[in-house]
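# Observations on chain architecture
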Amino acid sequence: MNRSRIADLSLLLVAMMWGCTFLIVQSAVRVLPPLAFNSIRFTGAALLLALITAVFYRQEWKKLSLRMVLHALLLGLLLFLGYGFQTMGLLYTTTSNTGFITGLSVVLVPFLSLALLKHAISRYTWFSAGLAAVGLYLLTFTGSAFSLNKGDGLILLCAAFFAMQIVYTGIYAPRYPALPLAALQLAFVGLFSVLASLLVDGPAPLMHSGELLAKPEVLWAMLISIGPTSAFAFWIQTACQKYTTPSRVAIIYATEPVFAAVTGLLFGGETLGLSAALGCGCILAAMLMAELSPDPARTQAEG
């Protein structure tokens, strides 16, 4: 199995971790506000990656440069803005709209790849992205129609920032060691989240976070979020984008709501109707099509 296939499978594992832990994180942010939760989550993840680097890959810190820090700052800012606009948008729109519009990054990434990376986008990639978007619609709006409201513009900005983070990771990942770049990126997300939490929610949530973390549902969600779904997830993304293309990353990440739906079905007492099942099928078909089809940009990434 070549490195590109291994990279895609590793990214699928990331999407699975995000989707399967959605219910756990959702219950935690009902207790600890999202910005305070993200402050601890991303700061903890950055410290974990810094520790791993210091113990096992100490020589990689010697490659630290001002350019790497600035590029990590940009990646961290894009990631923070994605999460930030998603949180703000949720105040004014529905979870269904949020899930669908956030997933539209799968369509935005090929455009950005073409503009910023000059990647030739094949018809297979375009069709896969469109099929994934259809699948997201069917999965998200089971038995209801899509209607726009004032929060959807914020969610569209969230999708754009997530798409830009994927594309710029594709630009910077080949230039730097994955661990320091990922650690710095998450450190900046943590820093921005702390500032935003203090600005929006005041000091109370962070000051009382110690007692809130004592609650089992919050502590369990935080441990999962710091380790598997933040530190290791973004380490994997940074390392793997040296060997695959941003368009494929976006299509693979579109499977996250599929894993979330299956988890809700198995553990959350939720039901999966025909429309949602068809949506899951479309997304999985889009991922397989992107994975198995020839793509000139992929050949370029492998080289």
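Residues numbered from 1 in each chain as written. Predicted model: local features only at pLDDT ≥ 70, side-chain atom pairs only at ≥ 80, totals over all residues. Heavy atoms only, no water.

Tallying secondary structure elements over the protein gives 16 helices and 0 strands in all. Out of the 303 residues belonging to the protein, those deemed buried represent 51%. Contacts spanning at least 24 positions in sequence make up 89% of the contacts within the protein whose residues lie at least 6 apart. (Helix = DSSP H or I, 4+ residues; strand = E, 2+ residues; numbered from the N terminus. Buried < 20%, exposed > 50% of the residue type's maximum accessible area, 1.4 Å probe, protein only. Contact = heavy atoms within 4.5 Å.)

Our focus in this paragraph is the environment of A239. Mapped onto the elements of the fold, A239 is located in helix α12 (residues 216-240). Counting along the chain gives 66 residues from A239 to A173, while the straight-line C-alpha distance between them is 6.7 Å.

Time to look at empty space enclosed by the protein. Summed over all chains, the structure comprises 1 cavity of 30 Å³ or more. Counted as a void, the largest cavity has a volume near 30 Å³. The wall of the largest cavity is formed by L35, N38, F42, F80, Y83, G84, T87, V189 and S193. Elements represented by at least two residues in the lining of the largest cavity include exactly α3 (34-56), α4 (66-90) and α9 (178-201). Tallying contributions element by element places α4 first for the lining of the largest cavity, with 4 residues. Class assignment for the residues of the lining of the largest cavity results in 5 nonpolar, 4 polar and no charged. (1 Å grid on protein atoms, 1.4 Å probe; cavity = no way out; pocket = protein on both sides within 12 Å on 5 of 7 lines; lining within 4 Å. Points joined across faces, edges and corners; volume = space filled by probe spheres on them. Nonpolar A, V, L, I, M, F, W, Y, C, P; charged D, E, K, R; others polar.)

With that out of the way, let us pick up the environment of T140. Tracing the chain through its elements places T140 in helix α7 (residues 123-140). Residues T140 and G279, spaced 139 residues apart in sequence, show a C-alpha to C-alpha distance of 8.1 Å.

As a further point, take the pattern of salt bridges. The tally for this structure, following the rule as stated, stands at 1 salt bridge. The closest approach of N and O atoms between R248 and D8, which form a salt bridge, is 4.0 Å. In this pair, R248 is assigned in helix α13 (residues 246-253) and D8 in helix α1 (residues 3-20), connecting sequence segments 240 residues apart. No difference in accessibility class separates R248 from D8, as the two residues are buried. (Salt bridge = Lys/Arg side-chain N within 4 Å of Asp/Glu carboxyl O.)

A few words on the side chain of R41. Structurally, R41 can be placed in helix α3. In terms of polar contacts, R41 uses its side chain to reach the side chain of S230, at 2.6 Å. What R41 contacts, discounting residues up to four positions off in sequence, is W18, Y83, M222, S225, I226, T229 and S230. (Polar contact = N/O pair within 3.5 Å; in protein donor to acceptor, adjacent residues only side chain to side chain.)

At a minimum axis distance of 8 Å, the contact between helix α6 (residues 105-117) and α13 shows a crossing angle of 170°. Comparing their axes, α13 and α6 come out roughly antiparallel. Seen from α6, the contacting residues are S105, V106, V109, P110, S113 and L117; seen from α13, they are P246, S247, A250 and I251. Here the residues of the contact of α6 with α13 are counted per class, giving 7 nonpolar, 3 polar and no charged. (Axes fitted to C-alpha atoms, helices over the stretch in contact; angles between N-to-C directions. Parallel < 35°, antiparallel > 145°, perpendicular 65-115°, else oblique.)

For the pair α4 and α9, the least separation of the axes is 8 Å and the interaxial angle reads 50°. With respect to α9, the element α4 is oriented oblique. For α4 against α9, the interelement crossing comes out right-handed. Listed contacts from α9 to M68, V69, A72, L73, L75, G76, L77, L79 and F80 of α4 are P180, L181, L184, Q185, L186, F188, V189, F192, S193 and A196. Among the residues making up the contact of α4 with α9, the classes are represented as 16 nonpolar, 3 polar and no charged. (Left-handed = near helix turned anticlockwise from the far one by under 90°.)

Another aspect to go through is the confidence of the model for the protein. The predicted model of the protein averages 84 in pLDDT, with 89% of residues at 70 or higher. Ranking the elements of the protein by mean pLDDT puts helix α16 (residues 296-302) last, at 47, and α9 first, at 95. Within the model, pLDDT remains below 50 along residues 296-303, and this stretch shows 21 contacts once partners closer than five positions in the same chain are excluded. (pLDDT = per-residue confidence, 0-100.)

Take α7 next. Its 18 residues place the ends of α7 26 Å apart at the C-alpha level, agreeing with the 26 Å of an ideal helix rising 1.5 Å per residue. Restricting attention to buried positions, one finds in α7 the residues T125, S128, A129, L131, A132, A133, G135, L136, L139 and T140. (Expected span 1.5 Å × (residues − 1).)

The tally for this structure, following the rule as stated, stands at 0 disulfides. C282 carries a free sulfur, and the closest cysteine sulfur to it, the one in C280, is 9.4 Å from it. (Disulfide = S-S within 2.5 Å.)

This part covers the packing of aromatic side chains. In this structure the tally under the stated criterion is 12 aromatic pairs. Taking 6.4 Å as the distance between ring centres and 80° as the angle between the ring planes, the aromatic pair formed by Y57 and W235 counts as edge-to-face. Highlighted residues: Y57 in the loop between α3 and α4 and W235 in helix α12, separated in sequence by 178 residues. Ring centres 5.6 Å apart and planes at 10° place the aromatic pair F85 and F161 in the stacked group. In this pair, F85 sits in helix α4 while F161 sits in helix α8 (residues 152-172), placing the two residues 76 residues apart along the sequence. Classification of F85 as buried rests on a relative accessible area of 18%. For F161, a relative accessible area of 16% corresponds to the buried category. These aromatic residues form a ring-pair network of at least three members: W18, F42, Y83, F162, F234 and Y253. (Phe/Tyr/Trp six-rings, centres within 6.5 Å; stacked < 30°, edge-to-face > 60°.)

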